[in-house]
Amino acid sequence: MKTVSKFAAFTLLLLTVAYCSAGEKATTPPANLVRGSVGPFSLNTSWSGYSVVTLIPGASLIPVTATQTVLYLGFAAGSEADITNMVLYTTARGSLTITAVTPVTLGGVSNPSIILSSTSVCPTQPLSVTSVCVVRLDPTAIVLSATNDYYFVVYFTSDSNNSAIGTPQNQNGSGLSALRSWYVGGTNETTLTVGQSIPNNGFDDTPFFLMYVMTD
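Residues numbered from 1 in each chain as written. Predicted model: local features only at pLDDT ≥ 70, side-chain atom pairs only at ≥ 80, totals over all residues. Heavy atoms only, no water.

S.K.: Explain the overall build of the chain to me, using residue names and the numbers behind them.
M.R.: A tally of regular secondary structure across the chain gives two helices and eleven strands. Counted from the first residue to the last, the chain has its helices and strands arranged as α-β-β-β-β-β-β-β-β-α-β-β-β. Evaluated residue by residue, the chain yields a buried proportion of 41% over its 216 residues. Long-range pairs, those at least 24 residues apart, make up 86% of the contacts in the chain with a sequence separation of at least 6. As presented, the chain carries roughly 10,500 Å² of accessible surface, and 57% of it is formed by carbon and sulfur atoms. (Helix = DSSP H or I, 4+ residues; strand = E, 2+ residues; numbered from the N terminus. Buried < 20%, exposed > 50% of the residue type's maximum accessible area, 1.4 Å probe, protein only. Contact = heavy atoms within 4.5 Å. Areas by Shrake-Rupley, 256 points an atom, 1.4 Å probe, with all protein chains shown as cover.)

S.K.: Provide a residue-level description of empty space enclosed by the protein, including the pertinent values.
M.R.: For the structure on display, the rule yields one cavity of 30 Å³ or more. Each pocket or cavity is described by its volume, and for the largest cavity that value is around 40 Å³. Ser-37, Phe-41, Thr-167, Pro-168, Gln-169, Asn-170, Thr-206, Pro-207, Phe-209, Leu-210 and Met-211 are the residues that line the largest cavity. Among the secondary structure elements, those contributing two or more residues to the lining of the largest cavity are β9 (166-170) and β11 (210-214). Of the residues forming the lining of the largest cavity, the biggest block, four residues, is contributed by β9. Class assignment of the residues belonging to the lining of the largest cavity gives a composition of six nonpolar, five polar and no charged. (1 Å grid on protein atoms, 1.4 Å probe; cavity = no way out; pocket = protein on both sides within 12 Å on 5 of 7 lines; lining within 4 Å. Points joined across faces, edges and corners; volume = space filled by probe spheres on them. Nonpolar A, V, L, I, M, F, W, Y, C, P; charged D, E, K, R; others polar.)

S.K.: An account of the state of the cysteines is requested, with residue identities and associated values reported.
M.R.: Under the counting rule described, the total for this entry stands at one disulfide. Each disulfide pairs two cysteine sulfurs, and for Cys-122 the partner residue is Cys-133, the sulfurs being separated by 2.0 Å. With the S-S dihedral at roughly -80 degrees, the linkage between Cys-122 and Cys-133 falls on the left-handed side. Linking Cys-122 in the loop between β6 (113-115) and β7 (133-136) with Cys-133 in strand β7, this pair joins segments that are eleven residues apart in sequence. The pair Cys-122 / Cys-133 is uniform in exposure class, with both members buried. (Disulfide = S-S within 2.5 Å.)

Geometry only, nothing functional implied.
So, in structure tokens, the structure goes:
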């Protein structure tokens, strides 16, 4: 019995080493950089001509190794989302003064039209607060730092399509996500430059559209 046990233990050790070696060669799975949105959700619709600003606070960053940042948008209503521009502003932590501007794209462009009615984009139809469509944006080379704050801004084109789109928002508000959003109508806030300040209208307890900030 001892011989069998020793052989079994040795075999298990070999398998463990082999598994670890294979794991080292495998691609590291995506990891959250901050706590993302979780349900249950309610619906907030009609975003034509609105800029949505979402704070990614440096104080809430999870200490994981990353070489890029990937943002994910969530939609709970609508058939097409038309975006004029998307950017990620960097500020010093606790400051509203912009120190860097990073373009954010989808399919290589910063002004995409996202066909939400397409099952290749949103496999589960129709969209709702229980079947949210999550769209992965292109990776950006920026690596988030806890010494900074970041503001993701998307401006939804003023048109009828965006009057029908809806964002999922956490029903229970604060504490479910590290992300916080605010919005302003009739102004494209994606055109700010280094040295300018991000206008702060007071952040809600829930993010709008931006659901996850991840490593991939």
